[in-house]
Amino acid sequence: MKFWYRVATLGFIALSITSCNNDDFYFQNYYQHYEEAILDYDKTIAINPQDSDAWNGRGDNLYSLGKYEEAIASYDQAITINPKDSDAWNDKGDALYSLEKYQAAILAYDQAIAINPKDSDAWNGRGDNLYSLAKYEEAIASYDKAIAIVPEDVNVWDDRGDALYSLEKYPEAIASYDKAIAIAQKENDSWFRRIFNLKNLGENHEVWNDRGDALYWLEKYEEAILAYDKAITINPEYHEAWYNRGAALDILEKYEEAILAYDKAIAINPEYQESWYSRGITLENLQKYEEAIASYDKAIAINPEYQEAWNDRGDALYSLEKYQEAILSYDKAIAINPKDSDAWNDRGDALFSLEKYKEAILSYDKAIAIKPDDYEPWYSKGFALENLKKYQEALKCYQKSIELQPGFAEAINKRNELLKKLS
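Rules of the game
Residues numbered from 1 in each chain as written. Predicted model: local features only at pLDDT ≥ 70, side-chain atom pairs only at ≥ 80, totals over all residues. Heavy atoms only, no water. Helix = DSSP H or I, 4+ residues; strand = E, 2+ residues; numbered from the N terminus. Buried < 20%, exposed > 50% of the residue type's maximum accessible area, 1.4 Å probe, protein only. Contact = heavy atoms within 4.5 Å. Areas by Shrake-Rupley, 256 points an atom, 1.4 Å probe, with all protein chains shown as cover. Salt bridge = Lys/Arg side-chain N within 4 Å of Asp/Glu carboxyl O. Phe/Tyr/Trp six-rings, centres within 6.5 Å; stacked < 30°, edge-to-face > 60°. Axes fitted to C-alpha atoms, helices over the stretch in contact; angles between N-to-C directions. Parallel < 35°, antiparallel > 145°, perpendicular 65-115°, else oblique. Left-handed = near helix turned anticlockwise from the far one by under 90°. Nonpolar A, V, L, I, M, F, W, Y, C, P; charged D, E, K, R; others polar. Core = buried A, V, L, I, M, F, W, Y, C linked by side-chain atoms within 4.5 Å.

Participant: Could you give an account of the overall build of the protein chain, with specific residues and numbers?
Facilitator: Along its length, the protein chain carries 24 helices and zero strands. Taking all 423 residues of the protein chain together, 49% fall into the buried category. Restricting the contact set of the protein chain to residue pairs at least 6 apart, pairs at least 24 apart contribute 48%. Carbon together with sulfur atoms contributes 50% to the accessible area of the protein chain, which is approximately 21,300 Å² in total.

Put into C-alpha cells, the structure is as follows:
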C-alpha cells in the first residue's frame, strides 16, 4: 500500500509539470530521480544526522529501487532516532517482505501496530506475510483488522479472498472478491481518477480471475468461465485467465474450445509449462496421441523435472502401443517422484502388454506398497498372476480389488471366470 499512497501524493507534483494520457504518468517524473533523491537525503542527513524523516525518506527511495537491504539499514537509523516512528516500522516490514523474511516482517508490523493500532497498512502487510507463511486464518484476522479501519480498501478485500480460497472456503472467497470488485467500480468515478486518467480499478483482471478460480473449485464451471472471460476482456494478454478458461472447458468436455484457450495462453506466454501440459491432456481426451506427446515434450523442454508430464507422456505412448517408449517415460516420472503409485501402476500395465508378467508384478507391488487401498494395481497384479498360472494368488488379488472397490465389474468377472475354470 505504501507505494500507492506515495505515488498518489507525487501525482499532484507531476500534474503541475506535465500532461500525460497513459496510465502510469504519475511516476514518470519521479522514478528516474530516485538516485538524485537519495543524494538529497544524504545531504540533509550530513547536516542533521538525527533527522529521522530524512532517514525514512532515504529508505523509501532505496526500497523503490529494489535495494531492500540498504532500505532496511536506513529504516533502522530512523527507528534508532525515533523508536515510535510507526511509518518506519511499517516500511521496514515492507522491505523484509520483499526479501521473503516473513517472520521478521511480522515483528516489524507488530511494532508499527503497537505504536498505531489504526495503521491499516501495517495490518494488511501483516496479513500478507502470514499468508506467505500459509497461516491463512491468522492472515484473515489481520485483513479483517485492516478492513475495520479502512472498509473500502480494494486490495485488502482481494487478499482476504485469496486467504479464504487457500482454506477452500470458496463461497466466502467469492464474497470477498465481489466486495473488492464493487468497491473498485465505485472508485472509477472518483474525481481523483478522472483528473489523473488512471486505469479502471473495477476492471481488475486478477480479481475476476480469482473469482473464477473459486467458482471452478465449487464445480460451477460455466460461471467460472464467465469470470475468466471478464478477466480476458479487461486484459486480453492475461495468459493465466486463458489457461484457467481452458481448464474449465476441459472439465465440461468442450475439448476443442479448451485447446483454443490453451493456444491463446501459449501464444501470450510460450514458457508457461502448465498450458502445454494441460493442452496435452486435452489432446489425449480427443485421442490425438501424437499431438499430445508433442505438447508434453514442450512442457518437459521448459521443465525437465515435470513429473506429471513424463507420466502422461507415457500414457499417450501406451495408447499408441509404443510400450517400450512408454516405460522409458514412466521410468523418468518415477526417478523424479519414486512415491507416485500411478506411475508404478502404469509402468506395470506397459510391461504386462509386453507379456513381461513377472516384471509387471514387481511394478504393481511398488504401487501397492505406496497406496495399499488402490484397487487397480491389485486387479492388474491378479491378471498378471493368472497369466503366470498362479491361480490362487490371482484369486486373492481379485478379491482384494473387489473389497476395495465393491462393484468393480472387471475384477468380479475375472474372479468368477477363474473360479469356474478351477472348478
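Participant: Could you give an account of unusual backbone geometry, naming the residues involved and the relevant values?
Facilitator: With phi around 60 degrees, Glu100 is a residue other than glycine that occupies positive phi space. Here the phi dihedral of Ala134 falls at roughly 65 degrees; this positive angle occurs in a residue that is not glycine.

Participant: Describe the pattern of salt bridges, naming the residues involved and giving the relevant values.
Facilitator: Under the criterion given, the structure shown has 17 salt bridges. Here Glu69 ties to Lys101 by a salt bridge, and the two come within 3.4 Å at their closest N and O atoms. Placement of Glu69 in helix H4 (residues 68-81) and of Lys101 in the loop between helix H5 (86-98) and helix H6 (102-115) is noted, with a sequence separation of 32 residues between them. Assessed through its relative accessible area of 47%, Glu69 is described here as partly exposed. For Lys101, a relative accessible area of 38% puts it in the partly exposed group. Taking the shortest distance from any N to any O, the salt bridge between Arg160 and Asp144 comes out at 2.6 Å. In this pair, Arg160 is assigned in helix H9 (residues 154-166) and Asp144 in helix H8 (residues 136-149), connecting sequence segments 16 residues apart.

Participant: Would you mind going over the packing of aromatic side chains in detail, with residue names and values included?
Facilitator: In this structure the tally under the stated criterion is 17 aromatic pairs. A centroid spacing of 5.3 Å and a plane angle of 80 degrees characterise the contact between Tyr216 and Trp217, whose relative ring orientation is edge-to-face. The class of Trp217 is partly exposed, set by a relative accessible area of 48%. A ring pair is formed by Tyr379 and Phe383, whose centres lie 6.3 Å apart and whose planes are at 40 degrees; its orientation type is tilted. Taken together, the residues Tyr379 and Phe383, both in helix H22 (residues 375-387) and four residues apart, mark about one turn of the helix. For Phe383, a relative accessible area of 27% puts it in the partly exposed group.

Participant: Hey, could you go over the packing of helix H7 (residues 120-132) against H8 for me, with residue numbers and the actual values?
Facilitator: What describes two packed helices is the angle between their axes and the distance between those same axes. Contact pair H7 / H8: the axes reach a minimum separation of 8 Å and the direction vectors enclose 165 degrees. Relative to H8, H7 is oriented roughly antiparallel. Every pair of crossing elements has a handedness; the one defined by H7 and H8 is left-handed. Residue-level contacts link Ser120, Trp123, Asn124, Arg126, Gly127, Asp128, Leu130 and Tyr131 of H7 to Tyr136, Glu138, Ala139, Ser142, Tyr143, Lys145, Ala146 and Ile149 of H8. The class makeup of the residues in the contact of H7 with H8 is eight nonpolar, four polar and four charged.

Participant: Account for the nonpolar core, naming residues and giving values.
Facilitator: Ala214 and Tyr216 are the most contacted members of the largest nonpolar core, which has 66 residues in total. The element contributing the most residues to this core is helix H10 (residues 170-187), with eight residues. Other than its neighbours up to four places away in sequence, Ala214 contacts Tyr165, Tyr170, Ala173, Ile174 and Tyr177. With 46 residues, the next largest nonpolar core counts Trp276, Tyr296, Ile334 and Tyr364 among its residues.

Participant: Explain the environment of Tyr375 residue by residue, including any values.
Facilitator: Take Tyr375: it is sitting in helix H22. A residue is classified by how much of its surface remains accessible, and Tyr375, at 22% relative accessible area, is partly exposed. For Tyr375 and Cys397, which are 22 residues apart along the polypeptide, the C-alpha to C-alpha distance reads 9.2 Å. Excluding anything up to four places from it in sequence, Tyr375 contacts Ser401, Leu404, Gln405 and Phe408.

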